[in-house]
Amino acid sequence: KTAILAAGVTIDGVTGDWQRNRKHHGGPNRAVCLFSVELYEELRQDGVAMEFGSVGENFTTRGINLKRLQKGDRLKVGDCVIELTNIRGPCRNLDKWSPNLLELIQGRTGWVAKVVQEGDVRPGEVAEVLT
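These remarks concern the structure in this document. Keep in mind the model is a prediction, meaning the values are calculated, not measured. (Residues numbered from 1 in each chain as written. Predicted model: local features only at pLDDT ≥ 70, side-chain atom pairs only at ≥ 80, totals over all residues. Heavy atoms only, no water.)

### Observations regarding the side chain of Arg-88
Within the element layout of this structure, Arg-88 appears in the loop between β6 (80-87) and α2 (101-105). This buried residue, Arg-88, is left without a salt bridge; Glu-57 holds the nearest opposite charge, at 5.2 Å. With near-sequence residues (within four places) excluded, Arg-88 lies in contact with Cys-33, Val-55, Gly-56, Thr-109, Gly-110, Trp-111 and Val-112. (Helix = DSSP H or I, 4+ residues; strand = E, 2+ residues; numbered from the N terminus. Buried < 20%, exposed > 50% of the residue type's maximum accessible area, 1.4 Å probe, protein only. Lys, Arg positive; Asp, Glu negative; His and termini not counted. Salt bridge = Lys/Arg side-chain N within 4 Å of Asp/Glu carboxyl O. Contact = heavy atoms within 4.5 Å.)

### A look at the environment of Tyr-40
Topologically, Tyr-40 is positioned in helix α1 (residues 37-45). The exposure class assigned to Tyr-40 is buried, which follows from its relative accessible area of 1%. For Tyr-40 and Phe-52, which are 12 residues apart along the polypeptide, the C-alpha to C-alpha distance reads 7.6 Å. Contacts of Tyr-40, omitting those with residues within four sequence positions, involve Phe-35, Met-50, Glu-51, Phe-52, Gly-53, Ser-54, Val-55, Glu-57 and Thr-60. One polar contact links the side chain of Tyr-40 to the main-chain amide nitrogen of Ser-54, over a distance of 3.0 Å. (Polar contact = N/O pair within 3.5 Å; in protein donor to acceptor, adjacent residues only side chain to side chain.)

### A word on the pairing of strand β1 (residues 7-10)
Where β1 lies against strand β8 (residues 119-121), 3 bridges are found, and the strand directions are antiparallel. Across the sheet, the residue bridging to Val-9 is Gly-119, located in β8. (Pairing = 2+ DSSP bridges.)

### Notes on the pattern of salt bridges
Scanning the model with the defined rule gives 3 salt bridges in all. Glu-42 is the salt-bridge partner of Lys-67, the closest N and O atoms lying 3.0 Å from each other. With Lys-67 in the loop between β4 (59-61) and β5 (74-77) and Glu-42 in helix α1, this pair connects stretches of sequence that are 25 residues apart. In this structure, Glu-83 engages Lys-114 in a salt bridge whose closest nitrogen and oxygen atoms are separated by 3.9 Å. Of the two residues, Glu-83 is situated in strand β6 and Lys-114 in strand β7 (residues 111-117); the sequence distance between them amounts to 31 residues. A single salt-bridge network, built from bridges that share partners, covers Arg-74, Glu-83 and Lys-114.

### Things to note about the sheet that holds β8
The 3 strands are arranged β2-β1-β8 in an open sheet whose pairing can be described as antiparallel. Of all strands in the sheet, those with a lone pairing partner are β2 (13-14) and β8, marking the two edges.

### Concerning the sheet that holds strand β3 (residues 32-36)
The strands making up a sheet associate through backbone hydrogen bonding, with each pair oriented either parallel or antiparallel. The sheet built from 6 strands is open, its strands ordered β4-β3-β7-β6-β5-β9 with mixed pairing. At either margin of the open sheet sits one strand with a lone partner, and together these are β4 and β9 (127-129). With direction set aside, neighbouring strand axes in the sheet form an average angle of 35°. Taken together, the 3 bridges between β5 and β9 define a ladder with antiparallel strand orientation. Bridge assignment links Val-77 to a residue of β9, and that residue is Ala-127. (Axes fitted to C-alpha atoms, helices over the stretch in contact; angles between N-to-C directions.)

See below:
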């Protein structure tokens, strides 16, 4: 995924971001995916260099330790509020970056979330943990 100038975030997800496989991607409890700069840096230290958006996240956070968050935690991102619903399971399509990426990414896969308050989000806006 590539960065965009702004996006509307609704209970259905980020406007314009639609996955064909709705069983594993999207839906009300998986409307938004989060990954972090810090997780990308950890992977880079393990020899896997990827650009932001490579794992298909909608929000790439900085300064929030995603590994310390829990289901039910809420974050305010731009004008919207999201609630973490589950740890994001790694997708086998990630192997295109490295033959052992699925193994390397275990325990650092980010989160999926539902949208509690719809709103607009722009790159660079601060993501704030509410709970």
